[in-house]
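Observations on the model geometry
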Amino acid sequence: QVQLVESGGGLVQAGGSLRLSCAASGRTFSSYAMGWFRQAPGKEREFVATINWSGGRTYYADSVKGRFTISRDNAKNTVYLQMNSLKPEDTAVYYCAIALHLGVPTRRSDYEYWGQGTQVTVSS
């Protein structure tokens, strides 16, 4: 059974940083893309960042470009999201996901497996 477990969320002041982690288990995902999405209250779940199987390609939403960095450690089946210069509008539940895809997919429908989410709250 595939399981994704996010960690690292919390409360931080605007301008601060957080590092999210997502550990996958149940199968090896080193050949597939991993991504992060987020969902704020009353809003649709939106794409944040994705990374291809090797880590050589990444893609970011315009809203986080230059502030967030996605990375992965295939030996640990783990993907990370380093979030710097956080803003109140970054407040959301953050979800990691895996796409059985060789590129850098950005659509929610491209992703097969999802974690339960971790709350990130940025105070002003």
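Residues numbered from 1 in each chain as written. Predicted model: local features only at pLDDT ≥ 70, side-chain atom pairs only at ≥ 80, totals over all residues. Heavy atoms only, no water.

Re the nonpolar core
Inside soluble globular proteins, nonpolar side chains tend to come together where they are buried. Among the nonpolar cores identified, the biggest contains 34 residues, and Trp36, Leu81, Met83 and Tyr94 are the most heavily contacted of them. Mapped by element, the contributors of at least two residues to this core are β3 (18-25), β4 (33-39), β5 (46-51), β7 (68-73), β8 (78-83), β9 (92-99) and β11 (118-123). Counting residues per element, this core draws most heavily on β9, which supplies 6 residues. Residues contacting Tyr94, with those up to four places away along its chain left out, are Glu6, Leu20, Trp36, Phe37, Arg38, Val48, Phe68, Leu81, Met83, Gly117, Thr118 and Val120. (Core = buried A, V, L, I, M, F, W, Y, C linked by side-chain atoms within 4.5 Å. Buried < 20%, exposed > 50% of the residue type's maximum accessible area, 1.4 Å probe, protein only. Helix = DSSP H or I, 4+ residues; strand = E, 2+ residues; numbered from the N terminus. Contact = heavy atoms within 4.5 Å.)

Considering unusual backbone geometry
Leave glycine aside and you will find that most residues have negative phi; peptide bonds, for their part, are mostly trans. You will see that Asn77, though not glycine, has its phi angle at about 55 degrees, which is positive. Note on placement: Asn77 falls in the loop between β7 and β8. Classification of Asn77 as buried rests on a relative accessible area of 14%. Look at Ser85: it is not a glycine, yet its phi comes out positive at around 50 degrees. By relative accessible area, Ser85 is classed as partly exposed at 41%.

Some words on the state of the cysteines
Tallying each qualifying case throughout the model produces 1 disulfide. Disulfide pairing places Cys22 opposite Cys96 at an S-S distance of 1.8 Å. Disulfide Cys22-Cys96: the torsion about the S-S bond is 45 degrees, which places it as right-handed. Placement of the pair is Cys22 in strand β3 and Cys96 in strand β9, with a sequence separation of 74 residues. Judged by relative accessible area, which is 0%, Cys22 ranks as buried. (Disulfide = S-S within 2.5 Å.)

Structural notes on the pattern of salt bridges
Enumeration according to the criterion identifies 5 salt bridges in this entry. Between Asp62 and Lys65 there is a salt bridge, and its shortest N-O distance comes to 3.1 Å. Its relative accessible area of 64% is what places Asp62 among the exposed residues. The exposure class assigned to Lys65 is partly exposed, which follows from its relative accessible area of 49%. Beyond isolated ion pairs, a larger network of salt bridges with shared partners links Arg38, Glu46, Arg67 and Asp90. (Salt bridge = Lys/Arg side-chain N within 4 Å of Asp/Glu carboxyl O.)

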